[in-house]
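Letter by letter, the chains look like this.
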Protein chains: 2
Amino acid sequence: MLWEVCVTLRSQSNKGMPTLKQISKDLNVSISIVSRILNGKAKEFRISNATVEIVLKHAKEIGYAPNLIAKGLQASQTFTIGLMVPNIANPFFAIMAKNIEKRAFKSKYSIILVDSNENIEIEKQQLNNLLGRKVDGLIVAPVGGNCQHFIKIVKQKIPLIFVDRYFTESTIPYITSNNYQGCYDATKHLIEMGHSHIGLICGNNANELVQERTRGYHEAHQDNALPISPNLTIGNTFSTENGFDSTQKLLQLDTPPTAILAMNNLIGFGVLQAINEHNLVIPSQLSLVIFDDHPYLSLLSPSITAIKQNSEKIGEMAVKAILKEINNECDIQSKQIPTTLILRDSVFNLKA
Amino acid sequence: MLWEVCVTLRSQSNKGMPTLKQISKDLNVSISIVSRILNGKAKEFRISNATVEIVLKHAKEIGYAPNLIAKGLQASQTFTIGLMVPNIANPFFAIMAKNIEKRAFKSKYSIILVDSNENIEIEKQQLNNLLGRKVDGLIVAPVGGNCQHFIKIVKQKIPLIFVDRYFTESTIPYITSNNYQGCYDATKHLIEMGHSHIGLICGNNANELVQERTRGYHEAHQDNALPISPNLTIGNTFSTENGFDSTQKLLQLDTPPTAILAMNNLIGFGVLQAINEHNLVIPSQLSLVIFDDHPYLSLLSPSITAIKQNSEKIGEMAVKAILKEINNECDIQSKQIPTTLILRDSVFNLKA
DNA sequence: ATATATTGCACAAACGTTTGTGCAATATAA
DNA sequence: TTATATTGCACAAACGTTTGTGCAATATAT
C-alpha cells in the first residue's frame, strides 16, 4: 500500500512520527506558523482563523505530538528530574519515589530513576549520567561520606536537593525526617519503660542522619541521667546483615542490652532474624524498636514498636521545592519532617 | 573574576557546560574534528596525532561531557527506556525496577520511571508522555483490561515488552512467571494436605495473568478429581482491601474454606490482617498460601508458605530482550519464568 | 492620490550533536 | 616536470523545535 511506503520512508529517522515539518509540508504553510498555532500563540502572532483551523485539524488527524527531545534541546529545559536513591527495593525509597513521580507528573515532569546501590562510585557515575541527560533538577538520597561531587553540581547552578540523607558540611538543602527527635522519643520511651541498657545498631556513620539519630539516643540518656555504655552502640551499614550480626554481638556482651533500637528497616529486619534464630522472646527477653515502620510490623507476634517516617511527604515536598528552584521562584529551605512513634507490643515494661 | 563572567555569559543557555563548539573555538579547529576525535574516530578520519592530543587534553581540562539530548535528537536514539509499573511501592515491582535499572545502566541506558497507579487513564497519558520523550523502548506492566493503546505503539515499530501482566489477544511479547504452574503447585500442595475447600482471592480478572493463575487452581482440582465450588473464587483487584474483605466473605460462607490462596502479596497482606483481626489461628483454623514471597513471611508465626516469583530475573530478561529488539538483533520471544513453592508452616495437614 | 498601519505569513538562526563531502596542501609516482 | 595519491582538515546539512525579524499584501487615514 502507498501509505505503508510513505511510513517506511519517513520512519528511517523518526519512526514515522509526524513533525512540524510534516504538517508544514502537507499544508503549505511555514513551520513557524504551525509551531505557534500548536503552542496557542495564534492570537499573539495574528494568525488567521482559517489557518489556525486547518492546522489544528490536520495535527489532530495525523496525531501530532511534540518531540520533547527537540524541545529540550532548543529550550535547554527537559522537564526531567533525576532521582537517585541508594536502593529502590527499600520500601522507604520506593514509597518516596512513588510520590515524587506522582507529584512531578502533575507538573509535566518525568523522573529518570537511578539506583546507586549504596556505592559511591556508582553514585558518581550516575550523577554524570544524569548531568549528560540535562535533567532540570536532581533529587538525591546520597550514599554519604563524600559530597564533593554534589558541590560541583550546585556550582553549575543545577537545582539539587537531598532527601533522607544529607550533609551539613555543605549548604545543599535537604528534606529529611526529624531524625534526632525520632530517636530521642524512642529512647525516652524505652527508658521510661525501665530500660537502662539499650543497644543502638547504626547505619553508615558517614551520614549526618546517623549522627543525628545517635544524638537523639544520647541526649535521651543524658536527660534521664543515664550513663551510656559505648559498646552498646554498634554497626556501620544500612543492611540486614548488619542488623543480624550486630544483634549477635550485642547479645554476647557481658551485660547484654535489654532493648535494641535499630536505625532503619533493613537493620530492623536483621535484628528480627537474629532474634528468631536464637529463639528469643520479644519483649520479655529482648525489647525492640525499629526506625521505619512497615506494614508487616503490626502483624508480627508480638507487633513491633516503630518510628514511622512520612516518606510520602518527604517526596512531595522535595518535588515542590525542586520545581520552585527550577523556576527561580525561591531558594530551597531545608526541612525536617516530624516522625511518629507507633507504640506496639515489642517493649517490655521493666517497671511493672 | 573574568572566569565567572565567562561562565555567566555562557550559562544563559547551557549552564556553562562546555560544548563541542566551545572546544572548537578555543582550539581553532572545526567542530567536526572535535566530534570525531572525542568519539574515537581519529584514525578513521586521518586526524593528525597533534590535533588529537590537544583536543583530548583540552576536553579533559574543561570537563567536556556530551549533551545526550542533542545526541538523542541527532541520532533519533535517546538511550532511554520507559518503565511503566502499576505501583512502584509494591516490592515485587520495586525489585524488578532495581534489576532493570542496573542491567540497563550497564548498556548505557537510563530508565524513565512512570507509575500508572493501577489506573488505565493514567496509563494512557503516561504512554503518550513516554512516546513524546522518544524512549528507545518500553517495559510495561500494564493495568489490564484494554491493550489498544499498546497495539498502536507496536504499529509504530517501537520496541515494547510486557512484564508480569500481559495480553494474549495481542502478539506483544511478555516475560512473566509461570503463573499457571505456580498456582497449580500451590493448589496441589493444599489438596495433598487434605484440603478440599480452598478459597481463591483474585486480582483484576481483566488480566490474563489472573486467568492463568485461576486455571492452575482449577486444573489442580480436576487432576485430583475434586469439585470446585464457584463461590470459593472471589475478589477482583490487586489490593490489601480486597484481601481483607474477601477473606471476611469467605469466612461467612456456609461451608467456609479450610485454606486460602491469595493471588498476590497485597491481597495476601489483607488476608493476614483479616485473620489477625478475627483472632484466627493459622494453620489449624485456616491455612494460607500467598502468591509472591516477602522477607517478612518467614518471620511471622507461623511462617507463611508462599509462591516465590523471580522478579530479579524477569527484570533482567526484559531489559536484555528490549535491547536486542532495539538493536534489531532478533524479535522478542515471550517467556515464562518458573516459580518456587516455599513450604513453611501455614498449611495444616488435615491428613495427619 | 499618496502615506501609513495592519494583517498574515515566510525565512533564518539557534540549541549541540553527527556525518557526508569538498578542497587545499603535501607526498608519491610516472 | 607533470599527474596522481594521500593527508588533514573545514564546511554544511540534518535531527525537530522555538523565536526574532522581514516583507509582501491589504486596509485605513490624509
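Quick caveat: nothing in here was measured; it's all calculated off a predicted structure.

Colleague: For this particular structure, what's the right way to read the sheet that holds strand E2 (residues 110-115) of chain A?
Modeller: The strands making up a sheet associate through hydrogen bonds between their backbones, and the pairing can be parallel or antiparallel. Spatial strand order, E11(A)-E5(A)-E4(A)-E3(A)-E1(A)-E2(A)-E2(B)-E1(B)-E3(B)-E4(B)-E5(B)-E11(B): 12 strands in an open sheet with mixed pairing. Looking at strand neighbours, the two that pair on one side only are strand E11 (335-337) of chain A together with strand E11 (335-337) of chain B, the edges of this open sheet. When the angles between neighbouring strand axes are averaged without regard to direction, this sheet yields 20°. Alignment of strand E1 (residues 80-85) of chain B against strand E2 (residues 110-115) of chain B, held across six bridges, turns out to be parallel. Residue pairing for E2(B): Thr80(B) is matched across the bridge by Ser110(B). Strands in contact with helix H7 (residues 120-132) of chain A are strand E1 (80-85), E2 and strand E3 (137-140) of chain A together with E2 of chain B; relative to E2(A), the strand with the most contacts, it is inclined by about 155°.

Colleague: Which parts of the structure should I look at to understand empty space enclosed by the protein?
Modeller: A probe matching the size of a water molecule, rolled over the atoms, marks out where space remains unfilled. Using the criterion set out here, one finds one cavity of 30 Å³ or more in the structure. Roughly 170 Å³ of internal volume is contained in the largest cavity. In terms of lining, the largest cavity is formed by 14 residues, of which the most central are Ile69(A), Thr80(A), Ile69(B), Thr80(B) and Arg133(B). Looking at the lining of the largest cavity, the elements with two or more residues in it are helix H5 (68-75) of chain A together with helix H5 (68-75) of chain B. Classifying every residue of the lining of the largest cavity by side-chain character gives six nonpolar, six polar and two charged.

Colleague: Help me understand helix H9 (residues 179-192) of chain B, please; the structure alone is not making it clear to me.
Modeller: Residues spaced three or four apart along an α-helix point in a common direction, a consequence of the helix completing one turn every 3.6 residues. All names here are of chain B. The end-to-end C-alpha separation of H9 is 20 Å, in line with the 20 Å expected for 14 residues at 1.5 Å each. Judged by how many residues are buried, H9 sits mostly within the fold: 10 of 14 residues are covered. Just past H9, the residue Gly194 takes up positive phi, approximately 95°.

Colleague: Teacher, can you tell me more about the confidence of the model for chain A here?
Modeller: Detailed reading of the predicted model is not advised wherever pLDDT is low. Here chain A averages 94 in pLDDT, and 96% of its residues register 70 or above. Under a pLDDT of 50 for its full length, residues 1-13 of chain A has, in the predicted model, six contacts with residues more than four places off or in other chains.

Colleague: Even after reading the chapter, I still don't get the nonpolar core, so can you show me in this structure?
Modeller: One broad trend across soluble globular proteins is that nonpolar side chains are buried collectively. Residues Leu138(A), Phe150(A), Leu272(A), Leu138(B), Phe150(B) and Leu272(B) are the most contacted members of the largest nonpolar core, which totals 124 residues. Phe150(B) has contacts with Met84(B), Glu123(B), Leu127(B), Val140(B), Pro142(B), Leu160(B), Phe162(B), Phe167(B) and Ile172(B), leaving out every residue within four places of it along the chain. Within the second largest apolar cluster, 55 residues are counted, among which are Phe92(A), Val319(A), Val85(B) and Phe92(B).

Colleague: I would appreciate a short explanation of the interface of chain A and chain B in the present structure.
Modeller: With 56 residues of chain A at the contact, the number on the chain B side is 55 residues. Buried area between chain A and chain B, summed over both chains or domains, comes out near 5,000 Å², and the portion from carbon and sulfur atoms is 60%. When the area that chain A buries against chain B is broken down by residue, the three leading residues are Ile69(A), Arg133(A) and Tyr296(A), summing to 15%. Linking chain A with chain B are two salt bridges, by the criterion used here. Across the salt bridge formed by Asp115(B) and Lys98(A), the nearest N and O atoms sit 3.0 Å from each other. The interface formed by chain A and chain B contains 25 residue pairs in polar contact (both at pLDDT 80 or more). Of all the elements in the fold, those that place two or more residues in the side of chain A that touches chain B are helix H1 (2-14), H5, helix H6 (91-106), E2, H7 and helix H12 (265-277) of chain A. Among the elements that make up the side of chain A that touches chain B, the one with the highest residue count is E2(A) (six residues). Its residues placed into classes, the side of chain A that touches chain B shows 27 nonpolar, 21 polar and eight charged. Of the pairings in the sheet, the one linking E2(A) to E2(B) comprises three bridges and is antiparallel in character. Counted as the bridge partner of Ile111(A) is Leu113(B) from E2(B).

Colleague: Can you walk me through the pairing of strand E5 (residues 174-177) of chain B in this structure?
Modeller: Within a regular strand, the side chains alternate between the two sheet faces. Residue and element names in this part refer to chain B. When strand E4 (residues 160-163) meets E5, the two strands line up parallel, connected through two bridges. Counterpart to Phe162 in the pairing with E5 is Tyr174. Strand direction decides the pairing type here: E5 and E11, joined by three bridges, are parallel. By the bridge assignment for E11, Ile175 is matched with Lys335.

Colleague: Help me understand the packing of H9(B) against helix H10 (residues 208-223) of chain B in this model?
Modeller: The geometry of a pair of packed helices is captured by two quantities: the angle between their axes and the separation between those axes. Residues and elements named next belong to chain B. Contact pair H9 / H10: the axes reach a minimum separation of 7 Å and the direction vectors enclose 35°. Considering the relative orientation of H9 and H10, their crossing is right-handed. Here Asn179, Tyr180, Cys183, Tyr184, Thr187, Lys188 and Ile191 of H9 lie close against H10, whose contacting residues are Leu209, Glu212, Arg213, Arg215, Gly216, Tyr217, Glu219, Ala220, His221 and Asp223. A per-class count over the contact of H9 with H10 returns seven nonpolar, four polar and six charged.

Rules behind the numbers
Every chain is numbered on its own, with residues counted from 1 as its sequence reads. Labels follow written order: the first chain is A, the first ligand is 1, and so on. Confidence filtering applies because this is a predicted model: local features only for residues at pLDDT of at least 70, side-chain atom pairs given and counted only at 80 or more, and all residues used for totals across whole chains, interfaces and linings. With hydrogens and water stripped out, all remaining heavy atoms of the structure feed into the side-chain values. Two strands qualify as a pair provided DSSP detects at least 2 bridges between them. A helix here means a DSSP run of H or I that spans at least four residues, while a strand means a run of E at least two residues long, and both kinds are numbered starting from the N terminus. Only the stretch in contact is used when fitting a helix axis, every axis being a line fitted to C-alpha atoms; angles between N-to-C directions are given from 0 to 180 degrees. Note on contacts: a residue pair is in contact if any heavy atoms of the two residues lie within 4.5 Å. Think of a 1 Å grid over just the protein atoms. A cavity is a set of points where a 1.4 Å probe fits yet cannot get out, a pocket is an open set with protein on both sides within 12 Å along at least five of seven lines, and lining residues have an atom within 4 Å of a point. Grid points are joined across faces, edges and corners, and a volume is the space filled by probe spheres set on the points. Residues are grouped as follows: Ala, Val, Leu, Ile, Met, Phe, Trp, Tyr, Cys and Pro are nonpolar; Asp, Glu, Lys and Arg are charged; every other residue, Gly included, is polar. For a helix, the expected span equals 1.5 Å multiplied by the number of residues minus one. Residue exposure (1.4 Å probe, protein chains only): buried if accessible area is under 20% of the type maximum, exposed if over 50%, otherwise partly exposed. Note: pLDDT gives the predictor's confidence per residue, expressed from 0 to 100. Within this scheme, the nonpolar core is defined by two criteria: the residues are buried Ala, Val, Leu, Ile, Met, Phe, Trp, Tyr or Cys, and they are joined through side-chain atoms within 4.5 Å. Simply put, the buried area is the total loss of 1.4 Å probe accessible area from both parts when two parts are fitted together. Salt bridges are defined by distance alone: a side-chain nitrogen of Lys or Arg within 4 Å of a carboxyl oxygen of Asp or Glu. Whenever two N or O atoms come within 3.5 Å, that pair is a polar contact, provided that in protein one can donate a hydrogen and the other can accept it, and provided that, for residues adjacent in sequence, both atoms are side-chain atoms. It is the rotation of the near helix from the far one that decides the hand of a crossing: anticlockwise by less than a right angle makes it left-handed, clockwise makes it right-handed.

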